[in-house]
Amino acid sequence: MSLSGVCVTAVESRPGGTSQALKALGEGVIGTSQGPSRRPVGARVMAFVALTKPRIIELLLITTVPVMFLAQQGVPDLGLVLLTCLGGYLSAGGANALNMYIDRDIDALMDRTSQRPLVTGMVSPRECLAFGISLAIVSTLLFGLTVNWLSAWLALGALLFYVVVYTMILKRRTSQNIVWGGIAGCMPVLIGWSAVTDSLSWAPVVLFLVMFFWTPPHYWPLSMKVREDYARVGVPMLPVIASNKVVARQIVIYSWVMVAVSLLLTPLGYTGWFYTTVALAAGGWWLWEAHSLQNRAKAETAGGKLKEMRLFHWSITYVSLLFLAVAVDPFLR
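Presented here is an overview of the structure given in this document.

Looking at the overall build of the chain
Within the chain, the regular secondary structure consists of 16 helices and 0 strands. Taking all 333 residues of the chain together, 56% fall into the buried category. When the accessible surface of the chain is totalled, it reaches about 13,700 Å², and 66% of it is carbon and sulfur.

See below:
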């Protein structure tokens, strides 16, 4: 996800990125403390914003706010929603900045990350580290003092899990990195519920599990497209070490479990007909796309004909529709 473990936003590879980054490394641009100070103020500000990975955080907020409506069974206090979103943005932004600090060596060698602020020298490593730590502290205090301390500890736990467990321990060591590292990206549903109730319940746990099983089949198609990037820097994403057939089979398995879990909210009494209808329709389309990808992989389709990014893009639409249904359902019961 990114927090999103969650790495949850579309990216484009830049064919010239690696050579440009290597040139920058050779010229001593990347990671210098003198270069950033000579850059325009506006560009510097945008570089610090880029450290937070705003597009990834958009998806985290999409999973946070609807859960607050479900917890309230109506419209939650809008001030509380604003504070929760702000705290969530700062916490996830801090995690993303620290992720870029730790991964700056491989970011310089990957096409799709070659324009990140630390790689270009727009922000120095020391500035990035201080920025990430500051956001972590501010977000925790903001949550604790204005929302509640349960939400604060959940947010801090998500940040530490993403930075320490995923980025520092799992990412470069195991092909299961995104599976377990994705736990950090599941935490916003718990935070959204706890912000309203100052407690936890089975509803956010179910949605946590939906996001847990969603993350691998969301991210593996993207990893299939950019596997050369990951192979170049020695990050063992599943598509790097396994064939398309194996990856597609795993995607299908996780997809079926995800859809099944998403349907548990209704028998547990938290949602009604509207959510169930959306979950069935969106989940059915997801499974169609997942099996279609598996069929193309079985046929040993390669290159653009594999169309792996179709499932990646649909996965973002799926989670948006599902959580929109979570927010709307209380008004239709």
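So that's the structure; there's more coming.
What about the packing of helix 3 (residues 54–72) against helix 16 (residues 308–328)?
Two elements in contact, helix 3 and helix 16, have axes whose closest approach is 7 Å; the angle formed by their N-to-C orientations is 20°. Comparing the axis directions of helix 3 and helix 16 gives the class roughly parallel. For helix 3 against helix 16, the interelement crossing comes out left-handed. Packed against helix 3, whose contacting residues are Leu59, Ile62, Thr63, Pro66, Val67, Phe69 and Leu70, the element helix 16 presents Ile316, Val319, Ser320, Phe323, Val326 and Ala327 at the interface. Class assignment of the residues belonging to the contact of helix 3 with helix 16 gives a composition of 11 nonpolar, 2 polar and no charged.

Some words on the packing of helix 11 (residues 202–225) against helix 15 (residues 273–298)
Where helix 11 meets helix 15, the closest approach of the two axes is 13 Å, and the angle between their N-to-C directions is 30°. Our classification of the angle between helix 11 and helix 15 gives roughly parallel. Note on packing geometry: the crossing formed by helix 11 with helix 15 is left-handed. Facing helix 11, whose interface residues are Leu207, Trp214, Pro217, His218 and Met224, helix 15 presents Tyr275, Trp286 and Leu293. Of the residues in the contact of helix 11 with helix 15, the class split is 7 nonpolar, 1 polar and no charged.

Points about the packing of aromatic side chains
Considering all chains together, one arrives at 12 aromatic pairs under this definition. One aromatic cluster is present, formed by Trp180, Phe212, Phe213, Trp220 and Tyr254 through successive ring pairs. Above the plane of the ring of tyrosine 101 lies arginine 104, whose end atom (NZ or CZ) is 4.4 Å from the centre.

As for the layout of surface pockets
In this structure, the second largest pocket encloses a volume near 170 Å³. Looking at the second largest pocket, the residues that line it are Met224, Lys225, Arg227, Asn244, Ala302, Gly303, Gly304, Leu306, Lys307, Glu308 and Met309. For the lining of the second largest pocket, the secondary-structure elements that each account for two or more residues are helix 11 and helix 16. The residue inventory of the lining of the second largest pocket, partitioned by class, reads 4 nonpolar, 3 polar and 4 charged.

Focus: the pattern of salt bridges
Pairing between side chains becomes possible if they bear opposite charge and their charged atoms approach one another. Using the criterion set out here, one finds 8 salt bridges in the structure. The salt bridge partner of glutamate 127 is arginine 44, with a shortest N-O separation of 2.9 Å. With a gap of 83 residues between them, glutamate 127 in helix 7 (residues 125–147) and arginine 44 in helix 2 (residues 41–51) connect regions that are remote in the sequence. Judged by its relative accessible area of 26%, glutamate 127 falls in the partly exposed class. According to the relative accessible area criterion, arginine 44 is buried, its value standing at 16%. Measuring nitrogen to oxygen at the nearest pair gives 2.6 Å for the salt bridge that ties arginine 232 to aspartate 229. Residue arginine 232 and its partner aspartate 229 are both found in helix 12 (residues 227–233); the two are separated by 3 residues, about one turn of the helix. For arginine 232, a relative accessible area of 41% puts it in the partly exposed group. Residues joined by salt bridges that share partners form a network here, namely Asp103, Asp105, Lys171 and Arg172.

A word on the nonpolar core
Leu207, Trp286 and Tyr318 are the most contacted members of the largest nonpolar core, which has 83 residues in total. Apart from the residues within four sequence positions on either side, leucine 207 is in contact with Val67, Leu70, Val189, Leu265, Tyr275, Phe323 and Val326.

Observations regarding the environment of leucine 160
Looking at the element boundaries, leucine 160 is found in helix 8 (residues 149–170). For leucine 160, a relative accessible area of 44% corresponds to the partly exposed category. Considered as a pair, leucine 160 and alanine 184 are 24 residues apart in the sequence and their alpha carbons are 8.5 Å apart.

Let's talk about the side chain of aspartate 107
Within the secondary structure, aspartate 107 is located in helix 5 (residues 104–107). One polar contact links aspartate 107 to arginine 116, side chain to side chain, over a distance of 3.2 Å. Other than its neighbours up to four places away in sequence, aspartate 107 contacts Met100, Thr113, Ser114, Arg116 and Val119.

Points about helix 10 (residues 183–197)
Between its first and last C-alpha, helix 10 extends 22 Å over 15 residues, near the 21 Å set by a 1.5 Å rise per residue. Within helix 10, 12 of the 15 residues are buried, which leaves it mostly tucked inside the rest of the structure. Among all positions in helix 10, only Ala184, Gly185, Cys186, Met187, Pro188, Val189, Leu190, Ile191, Gly192, Trp193, Ser194 and Ala195 are buried. Positioned one or two residues after helix 10, aspartate 198 has a phi angle of 55°, which is positive.

Each value, and the rule that gives it
- Residues numbered from 1 in each chain as written.
- Predicted model: local features only at pLDDT ≥ 70, side-chain atom pairs only at ≥ 80, totals over all residues.
- Heavy atoms only, no water.
- Helix = DSSP H or I, 4+ residues; strand = E, 2+ residues; numbered from the N terminus.
- Buried < 20%, exposed > 50% of the residue type's maximum accessible area, 1.4 Å probe, protein only.
- Areas by Shrake-Rupley, 256 points an atom, 1.4 Å probe, with all protein chains shown as cover.
- Axes fitted to C-alpha atoms, helices over the stretch in contact; angles between N-to-C directions.
- Parallel < 35°, antiparallel > 145°, perpendicular 65-115°, else oblique.
- Left-handed = near helix turned anticlockwise from the far one by under 90°.
- Contact = heavy atoms within 4.5 Å.
- Nonpolar A, V, L, I, M, F, W, Y, C, P; charged D, E, K, R; others polar.
- Phe/Tyr/Trp six-rings, centres within 6.5 Å; stacked < 30°, edge-to-face > 60°.
- Lys NZ or Arg CZ within 6 Å of the ring centre and 35° of its normal.
- 1 Å grid on protein atoms, 1.4 Å probe; cavity = no way out; pocket = protein on both sides within 12 Å on 5 of 7 lines; lining within 4 Å.
- Points joined across faces, edges and corners; volume = space filled by probe spheres on them.
- Salt bridge = Lys/Arg side-chain N within 4 Å of Asp/Glu carboxyl O.
- Core = buried A, V, L, I, M, F, W, Y, C linked by side-chain atoms within 4.5 Å.
- Polar contact = N/O pair within 3.5 Å; in protein donor to acceptor, adjacent residues only side chain to side chain.
- Expected span 1.5 Å × (residues − 1).

By themselves, these observations are geometric and do not establish any function.
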